[in-house]
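Okay, here's what each chain looks like letter by letter:
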Amino acid sequence: MASSLLSACVLSLAAVAPVAMAREGVEVERGTSVLARLVPAEQVEAAAQQQYLQLASEAKTQGALLPDNHPQVLRLRTIASRIIPFAMDWNPRAKQWRWQVIVLNSKELNAFCMPGGKIAFYTGILDQLKLTDDEVAMVMGHEMAHALREHAREQMGKTSATRMGAGLISSLFGLGNMGDALLNMGGQLLTLKFSRGNESEADLVGMELAARAGYDPRAGISLWQKMSAASKGAPPQWMSTHPSSSNRIQEIQANLPKVMPLYEKAPKPDQRFDAPRKIGAAHLATEPLAYWGVADTPR
């Protein structure tokens, strides 16, 4: 009798217990890697801030830093402002970050986001690839994902563990006079090469960030087609550690069903900077997409 009552209670509780809702979006491992935990996040972000300011200062001295009122800067900051609110879900520290966006006048096909939300785009990737807003959001989401998933911190932890030994790791936590070694490592932040696993993860997280912000994740297909055409068999810096473009496109296509519902219900940008002013499947248009800032007035 008691056993029957117990079973009935268990079934009753199960019936009223809240059901865990599956998370919408892409599937990646949550949490910070063990290697990343070897290096304090605060110090990595401080090193990134120092390196970022130095880069901006040098670029300004050389006349390569676009001013705040430049149309490209306004464009990128507008797109970033739509994506940033969705970054917090991927890293609680992002709430404290002072996000910044600069544009550097350079022919390099490159963009990056350093730890702490320090974003930079080179005019080369914007001009040569004639990126639409959706494609810009895919690049930006990808780079932001590297910072949110703390891939640089992971790589620096790996370097510390393998090259400098446990003594340096201890000093980084204030146990010696070598605690400033991490700041010296800050110069690596612009040259770090992420693993292919990191790159694939950034692709997926970046897709979701762009979709939630109202930018079409299918634009990743045209983005990689453009990158492949620009590389002509030799990957440019931005995609040097990526798997091949064809594999990237296949992975994007495989994950579109997970992010398209997010895009479809997301509020779309009130302001578009590309031309023709199309929202949605712009990458499917048969006519060449004109480039914002250079094209004729949109029809």
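Keep in mind it's a predicted model, so treat the numbers as computed, not measured. (Residues numbered from 1 in each chain as written. Predicted model: local features only at pLDDT ≥ 70, side-chain atom pairs only at ≥ 80, totals over all residues. Heavy atoms only, no water.)

Each helix and strand counted, the chain has 10 helices and three strands in total. Counting from the amino terminus, the chain carries its helices and strands in the arrangement α-α-α-β-β-β-α-α-α-α-α-α-α. Considering the chain as a whole, with its 299 residues, one finds that 50% of them fall into the buried category. Of the contacts made within the chain by residues no fewer than 6 positions apart, 74% connect residues no fewer than 24 positions apart. Counting every atom, the chain has about 14,800 Å² of accessible surface; 56% of that belongs to carbon and sulfur. (Helix = DSSP H or I, 4+ residues; strand = E, 2+ residues; numbered from the N terminus. Buried < 20%, exposed > 50% of the residue type's maximum accessible area, 1.4 Å probe, protein only. Contact = heavy atoms within 4.5 Å. Areas by Shrake-Rupley, 256 points an atom, 1.4 Å probe, with all protein chains shown as cover.)

Turning our attention to the packing of aromatic side chains. Overall, the coordinates contain two aromatic pairs when judged by the stated rule. A centroid spacing of 5.4 Å and a plane angle of 55° characterise the contact between tryptophan 97 and tryptophan 99, whose relative ring orientation is tilted. Over the aromatic face of tyrosine 263 sits the side chain of lysine 268, whose NZ or CZ is 4.6 Å from the ring centroid. (Phe/Tyr/Trp six-rings, centres within 6.5 Å; stacked < 30°, edge-to-face > 60°. Lys NZ or Arg CZ within 6 Å of the ring centre and 35° of its normal.)

The next thing to look at is the environment of alanine 80. Inspection of the secondary structure assignment puts alanine 80 in helix 3 (residues 71-83). Judged by its relative accessible area of 1%, alanine 80 falls in the buried class. Here the alpha-carbon distance between alanine 80 and glycine 141, two residues 61 residues apart in the chain, equals 8.7 Å. What alanine 80 contacts, discounting residues up to four positions off in sequence, is Val101 and Met140.

Moving on: the pairing of strand 1 (residues 100-104). Burial within strand 1 is extensive, with four of its five residues counted as buried. The pairing of strand 1 with strand 3 (residues 118-122) spans five bridges and is classified as parallel. Note that in strand 3 the partner of valine 103 across the bridge is phenylalanine 121. (Pairing = 2+ DSSP bridges.)

What follows deals with the pattern of salt bridges. Overall, the coordinates contain 14 salt bridges when judged by the stated rule. Ionic pairing is found between aspartate 68 and arginine 77, a salt bridge with its closest N-O pair at 3.2 Å. Residue arginine 77 is classed as partly exposed on the basis of its relative accessible area of 31%. Among the ionic pairs, arginine 248 bridges to glutamate 251, the shortest N-O distance being 1.9 Å. (Salt bridge = Lys/Arg side-chain N within 4 Å of Asp/Glu carboxyl O.)

Right, let's get into helix 9 (residues 219-231). Over its 13 residues, helix 9 extends 18 Å from the first C-alpha to the last, a length consistent with the 18 Å expected when each residue adds 1.5 Å. Of the residues making up helix 9, those classed as buried are Ala219, Gly220, Ile221, Ser222, Leu223, Trp224, Met227 and Ser231. Summarising the contacts, the buried residues of helix 9 are in contact with helix 5 (133-148), helix 8 (196-212) and helix 10 (245-265). Within two residues after helix 9, lysine 232 carries a phi angle of roughly 50°, on the positive side. (Expected span 1.5 Å × (residues − 1).)

A word on helix 5. For helix 5, with 16 residues, the first-to-last C-alpha span of 22 Å sits near the 22 Å given by 1.5 Å per residue. Counting buried positions along helix 5 yields 16 of 16 residues, so the element is predominantly enclosed.

Glancing now at the sheet that holds strand 2 (residues 111-114). Strand order in the open sheet formed by three strands is 1-3-2, and the pairing between neighbours is mixed. Edge positions in the sheet fall to strand 1 and strand 2, since each has one partner strand and no second. The sheet shows a mean angle of 15° between the axes of neighbouring strands, direction not considered. With four bridges joining them, strand 2 and strand 3 adopt antiparallel strand pairing. Its bridge partner being in strand 3, alanine 111 is matched across the sheet by phenylalanine 121. Each of strand 1, strand 2 and strand 3 touches helix 2 (residues 41-61); the most contacted strand, strand 1, lies at about 35° to it. (Axes fitted to C-alpha atoms, helices over the stretch in contact; angles between N-to-C directions.)

Looking now at the packing of helix 5 against helix 9. The geometry of helix 5 relative to helix 9 is characterised by a closest axis approach of 9 Å and an angle of 80° between their N-to-C directions. Taken together, helix 5 and helix 9 sit at an angle that is classed as roughly perpendicular. Between helix 5, through Asp134, Glu135, Met138 and Val139, and helix 9, the contact on the second element is made entirely by Ala219, Gly220, Ser222, Leu223 and Lys226. (Parallel < 35°, antiparallel > 145°, perpendicular 65-115°, else oblique.)

Looking now at the confidence of the model for the chain. This prediction gives the chain a mean pLDDT of 76; 65% of its residues lie at or above 70. The low-confidence segment residues 175-180, where pLDDT is below 50, has eight contacts with residues more than four positions distant or belonging to other chains. (pLDDT = per-residue confidence, 0-100.)

Before going further, it helps to examine the nonpolar core. Counting residues in each nonpolar core, the largest one holds 55 residues, and the members touching the most others are Trp99, Phe121, Met140 and Met144. A total of nine residues in this core trace back to one element, the largest contributor, which is helix 5. Beyond its immediate stretch of four places on either side in the chain, methionine 144 contacts Ile83, Ile84, Ala87, Trp99, Cys113, Ile119 and Leu209. By size, the runner-up hydrophobic cluster in this structure holds 12 residues, among which are Tyr52, Ala56, Ile102 and Ala120. (Core = buried A, V, L, I, M, F, W, Y, C linked by side-chain atoms within 4.5 Å.)

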